[in-house]
Amino acid sequence: MNDCVFCTLLGTGIIVEDELARAFFDKYPVSKGHVLIVPKRHAASFFEATQEEIASVGVLLKKVKEQLDERFHPDGYNIGVNVGEVAGQSIFHWHVHVIPRYRGDVGSVRWHA
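Here, residues in each chain are numbered from 1, in the same order as that chain's written sequence. With the structure being a predicted model, the display of local features is reserved for residues of pLDDT at least 70 and the display and counting of side-chain atom pairs for 80 or more, all residues being used for whole-chain, interface and lining totals. Hydrogens and waters are ignored; side-chain quantities use all the structure's heavy atoms.

Caption draft 1: Focus on the environment of Phe47. Note on conventions: DSSP H or I runs of at least 4 residues are helices, E runs of at least 2 residues are strands, and numbering of each starts at the N terminus. Counting through the fold element by element, Phe47 comes out in the loop between β3 (35-39) and α1 (51-72). Burial status follows relative accessibility: with a 1.4 Å probe on protein chains alone, a residue under 20% of its type maximum counts as buried, one over 50% as exposed, and anything between as partly exposed. Judged by relative accessible area, Phe47 falls into the exposed class, the value being 69%. With 47 residues separating them along the chain, Phe47 and Trp94 place their C-alpha atoms 8.8 Å apart.

This is how it looks when you write it as structure tokens:
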């Protein structure tokens with residue numbers, strides 16, 4: 001997918017990666033430390049992912065949490081996947097949001113107009 005923003009990443013800003021997925025800070029964060037975990041193989045929906053990709057994302061999720069805990073000390077997390085436009089998916093290459101939450105912050109996972 002030559003027009004997919006996640007497929008054309010050059011590898012800059014990667015927090016952690018393995019052979020199947022990579023994690024990096026969200027360009028439009030909901031909160032301080034918002035990270036995206038993105039499989040390297042293009043697939044529009046979580047439901048198109050292989051078991052190996054899902055497992056890889058799970059391993060990276062734990063590594064990302066450790067780094068965010070150490071760097072930002074959040075009080076909690078939202079972890080989620082949006083599937084389909086009506087569910088808030090705006091980039092059609094499936095990915096997982098890791099959103100640190102802090103006491104006193106308010107709002108949903110994403111604000112929509």
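Caption draft 2: Region of the structure containing the environment of Lys63. Among the structural elements, Lys63 can be located in helix α1. The class for Lys63 is partly exposed, based on a relative accessible area of 39%.

Caption draft 3: Spatial organisation of the pairing of strand β1 (residues 14-17). Pairs of strands are assigned from DSSP output, requiring at least two bridges between the strands. When β1 meets strand β2 (residues 21-25), the two strands line up antiparallel, connected through three bridges. Its bridge partner lying in β2, Glu17 is registered against Arg22. Where β1 folds back on β2, the antiparallel hairpin that results is connected by three residues.

Caption draft 4: View of the packing of aromatic side chains. Each aromatic pair joins two rings of Phe, Tyr and Trp (for Trp, the six-membered one) with centres within 6.5 Å, and gets the label stacked for planes under 30 degrees apart, edge-to-face for over 60, and tilted for any other angle. Inspection of the entire model under this criterion finds four aromatic pairs. Their ring planes at 85 degrees and their centres at 5.3 Å tell us that Phe46 and Trp94 sit as a pair that is edge-to-face. Of the two residues, Phe46 is situated in the loop between β3 and α1 and Trp94 in the loop between β4 (76-80) and β5 (96-101); the sequence distance between them amounts to 48 residues. The exposure class assigned to Phe46 is partly exposed, which follows from its relative accessible area of 29%. Its relative accessible area of 2% is what places Trp94 among the buried residues. Aromatic rings pair up to connect Phe46, Phe47 and Trp94 into one cluster.

Caption draft 5: Representation of the pattern of salt bridges. The term salt bridge refers to a side-chain nitrogen of Lys or Arg lying within 4 Å of a carboxyl oxygen of Asp or Glu. Enumeration over the complete set of coordinates arrives at five salt bridges. The residue Lys65 makes a salt bridge to Asp69 at a minimum N-O spacing of 2.4 Å. A residue pair is termed a helical-turn pair when its members lie 3 or 4 positions apart in one helix, as Lys65 and Asp69 do in helix α1 at four residues. Classification of Lys65 by relative accessible area gives partly exposed; the value is 38%. In this structure, the salt-bridge partner of Asp105 is Arg101, at a minimum N-O distance of 3.2 Å. For Arg101, a relative accessible area of 12% corresponds to the buried category. When salt bridges with common partners are traced through the structure, they connect Glu17, Arg22 and Lys40 into a single cluster.

Caption draft 6: Representation of unusual backbone geometry within the structure. Look at His73: it is not a glycine, yet its phi comes out positive at around 55 degrees. For His73, the location among the structural elements is in the loop between α1 and β4.

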